[in-house]
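Summary of structural features
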Protein chains: 2
Amino acid sequence: MICLTESVWAPPDLPTGIVGRMCRTPPPAGRKGRPRSLEADAAILSATREALVDLGWSKLTMGDVAARAGVAKTTLYRRWAGKSELVVDAVAVLFDELELPDLGSLAADVRGVVLQFAALLERPEARTALMAVVAESTRDEALRARIRHAIVDRQKRLVLEGRRRAQERGELPYEADESAASRTADLIFDVVAGAVVHRSLVSAEPVDGEWARAFTGLLLGGLTAPSPG
Amino acid sequence: MICLTESVWAPPDLPTGIVGRMCRTPPPAGRKGRPRSLEADAAILSATREALVDLGWSKLTMGDVAARAGVAKTTLYRRWAGKSELVVDAVAVLFDELELPDLGSLAADVRGVVLQFAALLERPEARTALMAVVAESTRDEALRARIRHAIVDRQKRLVLEGRRRAQERGELPYEADESAASRTADLIFDVVAGAVVHRSLVSAEPVDGEWARAFTGLLLGGLTAPSPG
DNA sequence: AGCTTTCGCTACGACTCGTAGCGTATATCT
DNA sequence: AGATATACGCTACGAGTCGTAGCGAAAGCT
């Protein structure tokens with residue numbers, strides 16, 4: 001359901017919750033023969049995150065991951081086309097941890113999502129992997145789609161949820177034009193996620209409560225509004 | 001003057017304009033002997049950009065760049081420690097082309113800088129290189145500093161210039177507290193640059209006039225302000 | 001001149017890549 | 001049960017890249 005591309009696949013009979021995570025090269029169409037080991041899947045993805053922490057993106061090798069997972073190198077290549085695809089799937093689960101508790105106001109919810117996303121970017125696996133796979137995806141449309149389904153959509157849910165709540169509270173208007181509303185949501189998503197990523201990885205400065213408060217003030221009130229304080 | 005790290009160096013007697021670009025491994029302290037060829041420098045950086053267009057970041061190799069530049073591989077390693085450093089310097093010059101003509105209003109200036117930066121990110125050299133070197137820099141402090149001096153500072157100038165103009169026009173207040181003003185400028189920079197990068201490379205959707213207008217409206221007026229149109 | 005450094009070239013060991021072949025294990029289909 | 005089909009671990013392989021070393025020749029500085 002999450003995997004739309006032909007080159008990815010999900011086992012048909014799994015609890016719905018984890019289907020979204022299983023994105024790998026499909027086994028030949030027929031359903032005969034020995035099935036792929038789910039333990040191997042988990043071990044490989046876990047080993048990949050571990051290797052990302054220890055080695056970073058550029059020094060991570062398929063052979064090293066296979067050794068850490070206690071698995072043959074050929075087993076990796078049977079499931080993933082390469083390093084990029086493997087890392088996307090390995091990091092994707094981190095984004096499942098993102099949640100957006102209702103903090104009572106739009107401003108508080110924005111600060112909450114900013115700090116949550118920032119905390120995720122503090123983790124070395126995510127830091128080193130995210131930018132790297134995005135860089136790879138600039139020349140690989142399939143990889144871009146995989147990132148969108150495995151990572152971006154998981155983040156975007158938070159924005160949509162936050163907006164829905166704000167509309168119910170009366171803090172934001174319901175937009176009549178659906179396509180315009182969609183464009184607005186995309187815009188807000190790019191602004192929030194982009195700003196946090198840029199602050200954290202490019203400017204390399206902390207996304208703390210103070211910054212989150214300043215950012216939220218700017219996002220809600222705008223540049224020309226008088227700053228609160 | 002731009003190169004602050006010990007591991008980088010600039011020739012002492014060059015026109016001030018290009019000093020900022022020359023950031024490479026320094027020759028041994030003494031100033032005797034045959035000087036390094038400036039033609040080789042230019043050829044290598046040009047060949048690097050060309051290779052980025054043809055091959056992208058991941059398939060770009062030092063050997064290939066050397067061949068394109070008509071230079072021995074050892075000549076590259078004498079100047080740059082590795083692929084990351086070389087690519088940062090090769091791409092840095094692209095950011096010199098960024099300019100911010102006075103368009104008469106803060107809104108117009110924001111739209112202008114957004115579209116200029118977006119146009120830069122349309123170039124395949126920049127697309128594939130920027131995220132890759134940022135990803136590398138997450139585990140390399142020296143590389144992070146190099147990126148800051150060679151790339152980030154060049155962008156930030158535009159933000160500072162735009163704010164100065166807006167203050168002169170009376171569109172933005174002069175902030176008394178200097179450190180607070182600096183924090184605000186950093187925030188705006190991360191929001192603008194981050195949003196454009198995220199839209200262009202992660203969401204992989206066009207940064208056109210329509211998006212620039214919507215973004216500018218959001219930045220100036222904020223979420224809670226009624227959108228114009 | 002004499003000294004110092006760079007340059008192009010070749011060669012090298014170490015590493016990674018992605019694939020192929022083998023024998024064995026584990027599932028489904030008849 | 002037996003046949004079939006696939007996954008698995010293992011080993012081995014050619015190809016490509018890395019970063020460095022050594023060489024003789026070239027080019028500037030004092």
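These lines cover the structure that appears in this document, whether it is placed above or below. Position labels on residues start from 1 in each chain and follow its written sequence. All chains are assigned letters beginning at A, and all ligands numbers beginning at 1, according to the order in which they are written. Local features in this predicted model are restricted to residues whose pLDDT is 70 or higher, and side-chain atom pairs enter the listing and the counts only when it is 80 or higher, whereas totals over whole chains, interfaces and linings include all residues. Working from all heavy atoms in the structure, the side-chain values ignore hydrogens and water.

A word on the overall build of chain A. A run of H or I in DSSP becomes a helix once it reaches four residues, and a run of E becomes a strand once it reaches two; helices and strands are each numbered from the N terminus. Across its full length, chain A carries 10 helices and 0 strands. Burial classification: accessible surface area is computed with a 1.4 Å probe over protein chains only, and a residue below 20% of its type maximum counts as buried, one above 50% as exposed, and the rest as partly exposed. Per-residue burial over chain A gives 52% buried out of 229 residues. Only the protein chains shown count as cover for residues, and the accessible areas themselves come from Shrake-Rupley with a 1.4 Å probe. Total accessible area on chain A stands at roughly 10800 Å², and carbon and sulfur atoms take up 55% of it.

If you check the shell around DNA strand D, you find 24 residues, and the closest are R34(A), S37(A), T75(A), R79(A) and Y77(B). A share of 62% of the atoms of DNA strand D within 4 Å of the protein falls on sugar and phosphate groups. Within the side chain of R34(B), one N or O atom sits 3.1 Å away from a base nitrogen of DNA strand D. What qualifies as a polar contact is a pair of N or O atoms within 3.5 Å, subject to a donor-acceptor requirement within protein and to the restriction that residues adjacent in sequence count only when both atoms come from side chains. Here a phosphate oxygen of DNA strand D sits 2.6 Å away from a polar atom, N or O, in the side chain of Y77(B). Counting residues per element, the ones that place at least two in the surface near DNA strand D are α4 (73-79) of chain A together with α3 (62-69) and α4 (73-79) of chain B. In terms of residue count, α4(A) provides more of the surface near DNA strand D than any other element does, 4 residues in total. Classes in brief: Ala, Val, Leu, Ile, Met, Phe, Trp, Tyr, Cys and Pro nonpolar; Asp, Glu, Lys and Arg charged; the others, Gly included, polar. Partitioning the surface near DNA strand D into residue classes produces 8 nonpolar, 9 polar and 7 charged. Put simply, a residue is near a molecule or strand once any heavy atom of it comes within 4 Å of that molecule or strand.

A least-squares fit on C-alpha atoms brings the copies together, and the residues used are those whose pLDDT is at least 70 in both copies. Mapping chain A onto chain B leaves a residual RMSD of 0.1 Å; the transformation is a rotation of 180 degrees accompanied by 0.0 Å of translation along its axis. Such values leave the two copies arranged in the relation of a two-fold axis.

What follows covers the packing of helix α5 (residues 83-92) of chain B against helix α8 (residues 141-169) of chain B. Residue and element names in this part refer to chain B. For every element, the axis is a line fit to its C-alpha atoms; helices are fit only across the contacting stretch, and the angle between N-to-C directions ranges from 0 to 180 degrees. In contact at an axis separation of 10 Å, α5 and α8 are set at 10 degrees when each is read in the N-to-C sense. By the angle between their axes, α5 is roughly parallel relative to α8. Along the contact surface, α5 presents S84, E85, V88, D89 and A92, while α8 presents L143, R146, I147, A150, I151 and R154. Residues that form the contact of α5 with α8 fall into these classes: 6 nonpolar, 1 polar and 4 charged. Roughly parallel means an angle under 35 degrees; roughly antiparallel, over 145; roughly perpendicular, 65 to 115; everything else is oblique. By the convention used here, residues are in contact when the closest approach between their heavy atoms is within 4.5 Å.

Take the interface of chain A and chain B next. Facing the 51 residues of chain A at the interface are 51 residues of chain B. Together, the buried faces of chain A and chain B total about 4100 Å²; carbon and sulfur atoms form 62% of this surface. Any carboxyl oxygen of Asp or Glu within 4 Å of a side-chain nitrogen of Lys or Arg constitutes a salt bridge here. Our count for the contact surface shared by chain A and chain B stands at 2 salt bridges. The partner of R183(B) in a salt bridge is E210(A), and the shortest N-O contact between them spans 3.5 Å. Where chain A touches chain B, the interface holds 18 residue pairs in polar contact (both at pLDDT 80 or more). When contributions to the side of chain A that touches chain B are tallied by element, the ones reaching two or more residues are α2 (38-59), α7 (124-137), α8 (141-169), α9 (178-202) and α10 (209-221) of chain A. Here the residues of the side of chain A that touches chain B sort into 27 nonpolar, 11 polar and 13 charged. A quick way to say it: buried area is the sum, across both parts, of accessible area lost when two parts are put together, with a 1.4 Å probe.

All right, on to the nonpolar core then. Nonpolar side chains tend to gather and get buried jointly when the protein is soluble and globular. Formed by 138 residues in total, the largest nonpolar core has its most connected members in V114(A), F215(A), V114(B) and F215(B). Setting aside residues up to four positions removed in sequence, V114(B) forms contacts with V192(B), V196(B), V207(B), W211(B), A212(B) and F215(B). We call a set of buried residues a nonpolar core when its members are Ala, Val, Leu, Ile, Met, Phe, Trp, Tyr or Cys and they connect through side-chain atoms within 4.5 Å of each other.

For the rest of this paragraph, the subject is the protein's contact with DNA strand C. What surrounds DNA strand C is a group of 25 residues, the closest being K73(A), Y77(A), G33(B), T75(B) and R79(B). Note that a phosphate oxygen of DNA strand C is positioned 2.6 Å from one of the side-chain N or O atoms of Y77(A). The side chain of R78(B) places a nitrogen or oxygen atom 3.3 Å from a phosphate oxygen of DNA strand C. Listing elements by their share of the surface near DNA strand C, those giving two or more residues are α3 (62-69) and α4 of chain A together with α4 of chain B. Broken down by element, the surface near DNA strand C gets its largest block of residues, 4 residues, from α4(B).

Residues and elements named next belong to chain A. All told, the structure shown has 40 salt bridges over all chains when counted by the stated rule. Ionic pairing is found between R154 and D96, a salt bridge with its closest N-O pair at 2.5 Å. Placement of R154 in helix α8 and of D96 in the loop between α5 (83-92) and α6 (106-122) is noted, with a sequence separation of 58 residues between them. Here the salt bridges do not stand alone but share partners, grouping D102, D109, E161, R164, R165, E168, R169 and E171 into one network.

Turning our eyes to something else, we now look at the packing of aromatic side chains. Residues and elements named next belong to chain A. For Phe, Tyr and Trp, where Trp contributes only its six-membered ring, two rings pair if their centres lie within 6.5 Å, and the inter-plane angle classes them as stacked under 30 degrees, edge-to-face over 60, or tilted in between. Summed over the entire model, instances satisfying the criterion amount to 2 aromatic pairs over all chains. Taking the centre distance of 5.3 Å and the plane angle of 5 degrees together, the rings of W211 and F215 count as stacked. Placement of both W211 and F215 in helix α10 is noted, with a separation of 4 residues, approximately one turn of the helix. Summarising the burial analysis for this pair, W211 and F215 share the class buried. Placement of a positive charge over a ring is assigned whenever Lys NZ or Arg CZ falls within 6 Å of the ring centre and within 35 degrees of the normal to the ring plane. The ring of W57 carries the charged tip of K83 above its face, separated from the ring centre by 4.7 Å.

Turning next to the packing of α9(A) against helix α9 (residues 178-202) of chain B. The description of two helices packed together rests on the angle between their axes and the distance between the axes. Look at α9(A) against α9(B): their axes get within 7 Å of each other, and the N-to-C directions meet at 115 degrees. Compared by their axis directions, α9(A) and α9(B) come out roughly perpendicular. The two elements α9(A) and α9(B) cross, and the hand of that crossing is right-handed. On α9(B), the residues that touch F189(A), D190(A), V191(A), A193(A), G194(A), A195(A), H198(A) and R199(A) of α9(A) are F189(B), D190(B), V191(B), A193(B), G194(B), A195(B), H198(B) and R199(B). Partitioning the contact of α9(A) with α9(B) into residue classes produces 8 nonpolar, 4 polar and 4 charged. By the definition used in this description, the sense in which the near helix is turned from the far one sets the handedness, with an anticlockwise turn below a right angle giving left-handed and a clockwise turn giving right-handed.

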